[in-house]
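Coordinate analysis (summary)
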Amino acid sequence: MAPSKKIKSILQVSKKVLRFIFGIFFRLPSYIAGFWQSLAFRTLQILLLIFVIVLAINFNLFWLFGPSPRLTDLKDPEISIASELYASDGSVIGKYYHENRSPVEFSELSPVIINTLLATEDIRFYKHHGIDVKATIAAIWSTAQGDKRGGSTITQQLVKNLYKTRHKTQKGLLSYIPGVKILVDKSKEWINALKLEFYYSKDEILTMYLNTVDFGSHSFGIKAASTIFFDKIPAELKVEEAATLIGLLKAPTYYSPVQNPANALRRRNSILLQMARYGFISEQEADSLTQTKLSLRFHRKQEDTDATYFKDAVARSLQEWSKESGYDIYTDGLKIYTTIDPKLQAYAEDAVEKHMKRLQKRFYEHWQGQNPWIDSKGNEIKGFIEDLARETSYFEGLNKKYKGNVDSVELYMNLPRKMTIFSWNGPADTLMSTMDSIRYYRHLLNTGFVSMDPLTGYIKAWVGGINFRFFKYDHVNQARRQPGSLFKAFVYTAAFETGLGPCDRRTDEPVTISYTEKGEKKNWSPHNADWNFSWNNISLKNAFARSVNSIAVQLTKEMGWDKVIECAHRMGVDSPLHNVPSVCLGSSDVTLLEMVNAYCTFLNDGMLNEPVFVTRITDQEGKVLYSHETKAKRVISAETAFLMSVMLRSGLTEAGGTTQGLWEYDLFRYETEFGGKTGTSSNFSDGWFIGITPHLVSGVWVGGEHRNARFRTSQLGEGLRTALPVYGLYMEKVLQDSDLKKYRGKFEKPVIKISKPYTCSSYTPVSDSLSGDEPPIELPDSL
């Protein structure tokens, strides 16, 4: 090729190269701009998609994802907090809770607890914003290799604890697709963790977390756990103790130091080494602490120790207030201040236990070799236990399961199984069939006791039964039984309102009342306790003291039993009372609390108070939500009230008075005066006693859970023998306590003019009066 052609060819190539180079140079910005635009667009698309997904999850689009916490829930999360019950001296006597939790502030948490938690659960807590990307990737990688490990931050765990995001009520439609549920759950936790981090500081998140987590053994939150496991407040926990508690968070039962101490020890030591790894403690300290034992000071769960009858009674009394106020005593962390006196309560419980343990032994001896469920003629009731068995939930469950097959039901009802039963030596683990357990419990006597301040209506002591764990039914204000002669107080009160007085007289003689009931004409002719009439002309004071039935019936006949019923209702007895003559001898069922509160009016110048359980309720900040205001109302005149107090005292001074059993107790060297009234219902099913002093009115009921289980003789079954001893033992302790001198004293002289004579007396020396006269056995009509 000629040189000119070569040069021409080179120039052409060079021209193309230059054109290409210049083309690239001038077009490169547009190429670059297109790439970044595309990248930005794709990124925007992804971000928009994420935003849409977040919105969809957050607002539960088409119910696919399940509900998420609302903004108000995040700003003001609902944490179930136990309410505390206080005695009159300010001591805590119980709690109400679904979750036993008492929250703490961050300032109450020692660095030991915080460091232990961070080393165990989230070491980068202060560096992330709710999501630890590194930990999440590591968790995914480990899971893919078959080694499951958690990647949730403390904030994410708080979301789960606080809002129950994995509960079945939080599930959406997508959660039913295998593999999708975990993605939805984690997404919800990430989203809400970011929200929490926005609304709260790190310290606040840590505090909420430690206040909400479950440590097992009915302890929710670090404060409850510290108290139950180590009897300390959180700030006092040592490193090894904090490690034990934080170790529970992974699996409260598996790592429980009570149920599985070996597992708890391994878990604690692992956490101590983890703390050394992150520099919270030295390796030498970790090595030293791992050699120590678990040093627990475990306290049984609160419901085992403070589930008293009074606590339950307070809860029932506050039901109406809760409805009206909107507060929940089980979740709102209230402080409830009550009237109960801890010392009086302790003495009441001791008296009940001491006497009932003795009485039960006497009952067993009385019925040795026989069943105590008998009819009015003394014959054993056939099928009594079988009928009771059919009322049990266990029987109903078996009957449903085996479709009414009698043989199968009877087989399992009589099949021995492990159970814990009540005994006076403490709970007993045994093998016993359901039928045998019913027989066993029908042999047991029960009781109720309440003590009140007559001037205020304040309840000072309350024992609803022999053991709350085994007998939840309260015999103070839930059970209704025949009061026997206790009801005569209303007869004499009504009689005094018609113009009679203590020194008026009647003859102890037979009396018959004719009346019509449901269209049928009837005659009622009751007799006295000893089935005899003395035909003596005696004062009403003496008749009341000796509980002479014939006199009470005469008074009722003269004024009408409707007057007695009206008087009882006016004085606070709300139970239905049958409109028949026998009501005067206590044939209608009433509660112990009604009777004791009514008797309080005799010492309160005729003014009636409602029984007071609670004096004040505050919220966590101390704001007063409820404050009791005394609203006494006059129900009888002051003169009638005074005269009835004289009548009640006459049982100790009149010949054959039914309360003279009190002389057997160390009560009369403390410059204190007493009065009272016994009561015994038909066939000795119920024994009662109400005792009065100027500053306390206390009542006792004793009997079987069913009326058919009872003593057969007055010597054993009268109220003087079954109920009065509880009062005597109780008042002995009260008067002996020098810190309780305010409950000593004598009855004041009347400050008003008393128009009726009341000083008539047939006093008999103490030695003569303790002649063993039986108190009345009340025999009402067919009711």
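Attention in this report is confined to the structure presented alongside it. (Residues numbered from 1 in each chain as written. Predicted model: local features only at pLDDT ≥ 70, side-chain atom pairs only at ≥ 80, totals over all residues. Heavy atoms only, no water.)

Right, let's talk about empty space enclosed by the protein for a bit. Regions of empty space are outlined by a rolling probe, equal in size to a water molecule, passed over the atoms. Throughout the structure, instances matching the rule amount to two cavities of 30 Å³ or more. Roughly 70 Å³ of internal volume is contained in the largest cavity. Of all the secondary-structure elements, those providing two or more residues to the lining of the largest cavity are β17 (686–693) and β18 (696–704). With three residues, the top contributor of residues to the lining of the largest cavity is β18. Here the lining of the largest cavity is built from residues that sort into six nonpolar, six polar and two charged. Taken as a whole, the second largest cavity spans an internal volume of roughly 30 Å³. Residue lining of the second largest cavity: His475, Ala479, Arg481, Val590, Leu592, Trp688 and Trp701, and that is the complete set. Considered class by class, the residues forming the lining of the second largest cavity number five nonpolar, one polar and one charged. (1 Å grid on protein atoms, 1.4 Å probe; cavity = no way out; pocket = protein on both sides within 12 Å on 5 of 7 lines; lining within 4 Å. Points joined across faces, edges and corners; volume = space filled by probe spheres on them. Helix = DSSP H or I, 4+ residues; strand = E, 2+ residues; numbered from the N terminus. Nonpolar A, V, L, I, M, F, W, Y, C, P; charged D, E, K, R; others polar.)

On to helix α18 (residues 406–413), then. Listing the buried residues of α18 in full gives Ser408, Val409 and Met413. For α18, the arc enclosing every buried residue in end-on projection is 130°, short of the 170-degree limit, so these residues lie on one face. The exposed set on the far side of α18, more than 90 degrees from its buried face, consists of Asp407 and Leu411. (Buried < 20%, exposed > 50% of the residue type's maximum accessible area, 1.4 Å probe, protein only. Arc of directions from axis to C-beta.)

Overall, the coordinates contain 29 aromatic pairs when judged by the stated rule. Summarising the aromatic geometry, the rings of Tyr309 and Phe468 are spaced 5.1 Å apart at their centres and angled 85° between planes, so their arrangement reads as edge-to-face. Of this pair, Tyr309 sits in helix α13 (residues 309–317) while Phe468 is found in the loop between β7 (459–463) and α20 (488–497), placing the two residues 159 residues apart along the sequence. Relative accessible area serves as the criterion here: at 5%, Tyr309 is assigned to the buried category. (Phe/Tyr/Trp six-rings, centres within 6.5 Å; stacked < 30°, edge-to-face > 60°.)

Looking at chain direction, strand β1 (residues 83–86) and strand β3 (residues 335–338) are connected through three bridges and run parallel. Counterpart to Glu84 in the pairing with β3 is Lys335. Two elements, β3 and strand β13 (residues 614–618), share four bridges in a ladder whose sense is antiparallel. Paired with Ile336 across the strands is Ile617, a residue of β13. (Pairing = 2+ DSSP bridges.)

Looking now at the sheet that holds strand β14 (residues 624–627). Taken in spatial order, the five strands line up as β2-β1-β3-β13-β14 in an open sheet, and their pairing is mixed. Taken across any chain shown, the strands that pair with only one partner, and hence form the sheet edges, are β2 (92–96) and β14. Taken over all neighbouring pairs, the strand axes of this sheet differ in orientation by 20° on average, direction set aside. Packed onto the sheet, α13 meets β1, β2, β3 and β13 and runs at close to 55° relative to β2. (Axes fitted to C-alpha atoms, helices over the stretch in contact; angles between N-to-C directions. Contact = heavy atoms within 4.5 Å.)

At their nearest, the axes of helix α9 (residues 239–247) and helix α10 (residues 261–277) sit 8 Å apart, and the two run at 115° to each other. Taken as a pair, α9 and α10 cross one another with a handedness that is right-handed. Along the contact surface, α9 presents Val239, Glu240, Ala243, Thr244, Ile246 and Gly247, while α10 presents Arg267, Arg268, Ile271, Leu272 and Met275. A per-class count over the contact of α9 with α10 returns six nonpolar, two polar and three charged. (Left-handed = near helix turned anticlockwise from the far one by under 90°.)

What follows deals with the pairing of β7. Burial analysis of β7 places five of its five residues in the buried class, the great majority of the element. Taking the residues that link successive antiparallel strands as the turn, the strand β6 (residues 445–452)-β7 hairpin has six residues, and the phi of Gly457 there is positive, at about 85°.

In this section: the sheet that holds β7. Strands sit in the order β7-β6-β18-β17-β16 across an open sheet of five strands; the sheet is antiparallel. Looking at which strands have only one partner, the edges of the open sheet turn out to be β7 and β16 (675–680). Strand-to-strand twist of the sheet, defined as the mean angle between neighbouring strand axes without regard to direction, takes the value 10°. Relative to β7, β6 is paired through four bridges, and the arrangement is antiparallel. Of the residues in β7, the one forming a bridge with Val450 is Trp462. Here helix α15 (residues 342–366) sits on the sheet and contacts β6, β7 and β18; the angle it forms with β7, its principal contact strand, is near 30°.

Okay, the pattern of salt bridges next. When the charged atoms of two side chains with opposite charge come close together, those side chains can pair. Using the criterion set out here, one finds 21 salt bridges in the structure. Among the ionic pairs, Asp474 bridges to Arg316, the shortest N-O distance being 3.6 Å. With Asp474 in the loop between β7 and α20 and Arg316 in helix α13, the pair connects residues that are 158 residues apart, well separated along the chain. For Asp474, a relative accessible area of 1% gives the class buried. Where Arg506 meets Glu558, a salt bridge forms, and the shortest distance between an N and an O atom there is 2.9 Å. In this pair, Arg506 is assigned in strand β8 (residues 505–507) and Glu558 in helix α22 (residues 549–559), connecting sequence segments 52 residues apart. Arg506 sits in the buried class, given a relative accessible area of 19%. Among the charged side chains, a salt-bridge network with shared partners connects Asp312, Arg316 and Asp474. (Salt bridge = Lys/Arg side-chain N within 4 Å of Asp/Glu carboxyl O.)

It is the contact of α20 with helix α25 (residues 638–649), at a shortest axis distance of 10 Å, that shows an interaxial angle of 135°. Considering the angle they form, α20 stands oblique to α25. Crossing hand, α20 versus α25: right-handed. For the pair formed by α20 and α25, the contact residues are Ala489, Tyr492, Thr493, Phe496 and Glu497 on the first element and Thr640, Leu643, Met644 and Met647 on the second. Of the residues in the contact of α20 with α25, the class split is six nonpolar, two polar and one charged. (Parallel < 35°, antiparallel > 145°, perpendicular 65-115°, else oblique.)

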